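Descriptive structure summary
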Amino acid sequence: MSAMLATQLTLMALPLSQSPSPQSSFRLRLRPSPVARTRALAPRAAASATTVSAKPAAAVAPLVADRTVVRIGLPSKGRMAEQTLSLLKSCQLSVRQLNPRQYTADIPLVPNLEVWFQRPKDIVRKLQSGDLDLGIVGFDIVSEYGKGNDDLVVVHDALEFGHCRLSLAVPKEGIFENINTLEDLAKMPEWTEERPLRVVTGFGYLGDKFLREKDIKHVCFLSADGALESYPPMGMADAIVDLVSSGTTLRENNLKEIEGGVVLESQATLVASRKSLHKRKGVLEITHELLERLEAHLRATAELMVTANMRGNSAEEVAERVLSQTSICGLQGPTISPVYCRRDGKVAVEYYAINVVVPQKLLYKSIQQLRSIGGSGVLVTKLTYIFDEETARWRNLLSELGL
């Protein structure tokens, strides 16, 4: 009985296109058990279901073409993500994420803008594929994963956070003890076709491009994502190309940067897809608003409003004194207003109020200059925005797009 059951199971396993031999043809008339029939039909049912569900999808155009909402990609984790959200909040562009486990959010003040939290390298890739229209990401990531793609347009190149540099570093000791420049490294006789300079990096495109442009011959690149500083001490590599901010990690692992070895300087940037800017409705308008808010806020953070009172016979006389001082000339010039008081029952003007915008780094020098020409009662106020008539970066973007 068990032998007959085994024969039945063997026949059931035959492919439908395979024909049994004449000697075993009578076995095909054996009726399989209900369970066996269910199992045999299951793959057919699954295949049929797949075919049915695939038909509507084949008739529908790609989702990217149908999308009307504008999408921006933001870093999903780490310090870069925190600083991005903080900057947007400072520009009154707070991101609202209803569920912290979701990858999507919105910015209530900008209708039709959808936020997607992504890994930085995925932001660049999805900008190129058309799944994102805008993104905030480090310039190093744009350069590495964009690989010179003309469709990526850097709208704002200096968002003032995420500062670092991609740099070449070698051990401090051993054969590298007296190697302090890129030229020294190129002249080392150790590197041959059989024994190339082994460079470990997570930036293979930029690293290779940089060393080829510097005419460094006999180089072999190894790919790695983390703890690159451990590779030279372990003998797994001769040098590294990695992101450096303070350089502390390099020093603590007995490594050093060499002169001329900086591949690129990087910080956070606002990037857009050229195709989206040209073709997707609303992208150019939203980009304009984001750029203006960012530009106005970032400019304001570097400036202070200084107000002081000064005796004078006229506003013109006070203006002449103020304009004689280089640090208190303001954006286009000082604003001077009369300060009214009552003298002997009459309204009189003895003082004038001076309002002037000065760079933060020149604050104390500005106050000294104000005092030197008779200023007193100096007030200092932080600024939130400085909106120009039109930002230079917006003009540059329109020129880049041929608009």
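Placed above this text is the structure.
These remarks concern the structure in this document. (Residues numbered from 1 in each chain as written. Predicted model: local features only at pLDDT ≥ 70, side-chain atom pairs only at ≥ 80, totals over all residues. Heavy atoms only, no water.)

1. What about the overall build of the protein?
Let me state the cut-off plainly: Helix and strand assignments follow DSSP, with helices taken as H or I runs no shorter than four residues and strands as E runs no shorter than two, numbered in order from the N terminus. Burial classification: accessible surface area is computed with a 1.4 Å probe over protein chains only, and a residue below 20% of its type maximum counts as buried, one above 50% as exposed, and the rest as partly exposed. Contacts between residues were defined by any pair of non-hydrogen atoms, one from each residue, lying within 4.5 Å. Note on areas: Shrake-Rupley with a 1.4 Å probe; residue coverage comes only from the protein chains shown.
Assigned secondary structure in the protein consists of 14 helices and 15 strands. A total of 403 residues make up the protein; the buried ones form 38% of that total. Put simply, of all contacts in the protein between residues at least 6 apart along the chain, 71% involve residues at least 24 apart. Of the roughly 23600 Å² of accessible surface on the protein, 53% is carried by carbon and sulfur atoms.

2. Details of the sheet that holds strand E11 (residues 268-273)
For clarity, the cut-off: When DSSP finds at least two bridges between two strands, those strands are taken to pair. Think of each axis as a best-fit line through the C-alpha atoms, taken over the contacting stretch in the case of a helix, with angles from 0 to 180 degrees between the N-to-C directions.
An order of E2-E3-E1-E4-E11-E5 is seen for the six strands of this open sheet, with the pairing classed as mixed. Among the strands making up the open sheet, the edge pair consists of strand E2 (104-106) and strand E5 (152-156). Neighbour-to-neighbour, the strand axes of the sheet open up by a mean angle of 35°, direction not taken into account. Along the sheet, helix H6 (residues 139-146) makes contact with strand E4 (134-138), E5 and E11, crossing E4 at roughly 105°. Each of strand E1 (70-75), strand E3 (113-118), E4, E5 and E11 touches helix H11 (residues 283-301); the most contacted strand, E5, lies at about 40° to it.

3. Let's talk about the sheet that holds strand E15 (residues 375-382)
Spatial strand order, E13-E14-E12-E15: four strands in an open sheet with antiparallel pairing. At either end of the open sheet lies a strand with only one pairing partner, and these are strand E13 (335-343) and E15. On average, each strand axis in the sheet is tilted by 25° relative to the strand beside it, whichever way the strands run. As defined by bridge partners, strand E12 (residues 303-311) adjoins strand E14 (residues 346-359) across nine bridges and the pair is classed as antiparallel. Across the sheet, Thr307 pairs through a bridge with Asn355, a residue of E14. Across the sheet, helix H12 (residues 315-323) is in contact with E12, E13 and E14; its angle to E12 comes to roughly 130°.

4. Let's talk about helix H4 (residues 78-90)
Our working definition: Multiply 1.5 Å by the residue count of a helix minus one, and that product is the helix's expected span. The arc in question is the one traced by the directions running from the helix axis out to the C-beta atoms.
Here H4 spans 19 Å end to end across 13 residues, near enough to the 18 Å set by a 1.5 Å rise per residue. Of the residues making up H4, those classed as buried are Met80, Ala81, Thr84, Leu87 and Leu88. Viewed along the axis of H4, the buried residues span an arc of 130°, placing them on a single side of the element. Of the exposed residues in H4, the ones pointing more than 90 degrees away from its buried face are Arg79, Glu82 and Lys89. Looking at the residues trailing H4, positive phi occurs at Gln92, about 60°.

5. Description of the pairing of strand E7 (residues 197-201)
To be explicit about the condition: When the strands point away from the viewer, a crossover counts as right-handed if the route from the first strand across the helix to the second turns clockwise.
Where burial is concerned, most of E7 is hidden: four out of the five residues are buried. Relative to strand E8 (residues 219-223), E7 is paired through five bridges, and the arrangement is parallel. Each residue of the ladder has a partner; that of Val200, found in E8, is Leu222. Between E7 and its parallel partner E8, the chain crosses via helix H8 (residues 204-213), and the hand of that crossover is right-handed. Where E7 and strand E9 (residues 239-244) come together, three bridges link them in parallel fashion. From the neighbouring strand, Thr201 faces E9, where its bridge partner is Val241.

6. Regarding the layout of surface pockets
So the rule is basically this: Within this scheme a cavity is a closed region of a 1 Å grid, computed over the protein atoms alone, that accommodates a 1.4 Å probe without allowing it to escape, whereas a pocket is open but has protein on both sides within 12 Å along at least five of seven lines; lining residues each have an atom within 4 Å of a point. Grid points are joined across faces, edges and corners, and a volume is the space filled by probe spheres set on the points. The nonpolar class holds Ala, Val, Leu, Ile, Met, Phe, Trp, Tyr, Cys and Pro. Asp, Glu, Lys and Arg form the charged class, and all remaining residues, Gly among them, are polar.
Reported here for the largest pocket is a volume of approximately 960 Å³. As for the largest pocket, its lining consists of 34 residues, of which Asp140, Ile141, Cys164, Phe203 and Leu243 are closest to the centre. Here the lining of the largest pocket is built from residues that sort into 13 nonpolar, 13 polar and eight charged.

7. Some thoughts on the packing of aromatic side chains
For clarity, the cut-off: Classification of ring pairs uses Phe, Tyr and Trp, with its six-membered ring standing for Trp, and accepts pairs whose centres are within 6.5 Å; under 30 degrees between planes counts as stacked, over 60 as edge-to-face, and the remaining range as tilted.
In the structure shown here, the tally under the stated rule is two aromatic pairs. The interplanar angle of 25° and the centroid separation of 6.0 Å between the aromatic rings of Phe176 and Trp191 together place this pair among those described as stacked. Taken as a pair, Phe176 in the loop between strand E6 (164-171) and helix H7 (182-186) and Trp191 in the loop between H7 and E7 lie far apart in primary sequence, 15 residues in all. Neither Phe176 nor Trp191 differs from the other in exposure class; each is buried. With centroids separated by 5.4 Å and ring planes inclined at 25°, the aromatic side chains of Tyr385 and Phe387 adopt a geometry described as stacked.

8. Side note on a nonpolar patch on the surface
Inclusion rule: Patch membership requires over 30% relative accessible area and the absence of a salt bridge. Like charges are linked within 9 Å, and nonpolar side chains (Val, Leu, Ile, Met, Phe, Trp, Tyr) within 5 Å. The salt bridge definition used is simple: a Lys or Arg side-chain nitrogen within 4 Å of an Asp or Glu carboxyl oxygen.
A cluster of nonpolar side chains, namely Tyr340, Val347 and Val349, defines an oily patch on the protein surface of about 310 Å² accessible area. Of note, Val347 is situated in strand E14. The class for Val347 is exposed, based on a relative accessible area of 57%.

9. Here we look at the side chain of Asp238
Note the threshold: Identification of polar contacts relies on pairs of N or O atoms within 3.5 Å, with a donor-acceptor requirement for protein atoms, meaning one able to donate a hydrogen and the other able to accept it, and with residues adjacent in sequence counted only if both atoms are side-chain atoms.
Checked against the element boundaries, Asp238 lands in the loop between E8 and E9. In terms of polar contacts, Asp238 uses its side chain to reach the side chain of Arg195, at 3.0 Å. Of note is the side chain of Asp238, whose polar atom sits 2.8 Å from the backbone nitrogen of Arg198. When neighbours within four sequence positions are excluded, Asp238 is seen to be in contact with Val170, Pro171, Phe176, Trp191, Arg195, Pro196, Leu197, Arg198 and Pro232.

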